[in-house]
Amino acid sequence: MKLKDTIVLLNEDAPSLTGASTLKRDKLIIKVRDNTVYIPIKSIKLLIFKENAHSFGFLYKGCIYSGRDCDGWNNFTKKVIGRELKPSFDN
């Protein structure tokens, strides 16, 4: 699954990663600036992505959750990365 813009949280001690990513069965491939990072799915604490203009999706404990309302999550992403995430899918 290709995602245009994601926030990846690995643990409390590591800074979040932000960038376009591809979610494979056992790993996440994320483009961070000019670097490509390969992360095993088991290492991801939380992955956040914006599905469209109205909902967010998440990868948590290896499962994808979708359809969460945007209002609070737009505010969260602004605090974490200073902007809203770009939607990954068109309506």
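Before any of the text, the structure's been laid out above.
Our subject in this report is the structure included herewith.

### Let's talk about helix H1 (residues 70-81)
Because an α-helix packs 3.6 residues into every turn, residues spaced three or four apart end up facing the same way. Given a rise of 1.5 Å per residue, twelve residues ought to cover 16 Å, and the 16 Å separating the end C-alpha atoms of H1 matches this to within 8%. Those residues of H1 that sit buried are Cys 70, Asn 74 and Thr 77. Along the long axis of H1, the arc covered by the buried residues comes to 65 degrees, so they all point the same way. Set apart from the buried face of H1 by more than 90 degrees, the exposed residues are Asp 71 and Lys 79. Where H1 is buried, its residues touch strand E1 (2-9), strand E5 (46-50), strand E6 (55-60) and strand E7 (63-69).

### Points about the environment of Thr 22
Here Thr 22 is to be found in strand E2 (residues 17-23). Taking the relative accessible area as the measure of exposure, Thr 22 reaches 19% and is therefore buried. Separated by 16 residues in sequence, Thr 22 and Tyr 38 place their C-alpha atoms 9.8 Å apart. Filtering out sequence-adjacent residues up to four positions away, Thr 22 remains in contact with Met 1, Lys 2, Lys 27, Leu 28 and Ile 29.

Basis of the calculations
- Residues numbered from 1 in each chain as written.
- Predicted model: local features only at pLDDT ≥ 70, side-chain atom pairs only at ≥ 80, totals over all residues.
- Heavy atoms only, no water.
- Helix = DSSP H or I, 4+ residues; strand = E, 2+ residues; numbered from the N terminus.
- Expected span 1.5 Å × (residues − 1).
- Buried < 20%, exposed > 50% of the residue type's maximum accessible area, 1.4 Å probe, protein only.
- Arc of directions from axis to C-beta.
- Contact = heavy atoms within 4.5 Å.

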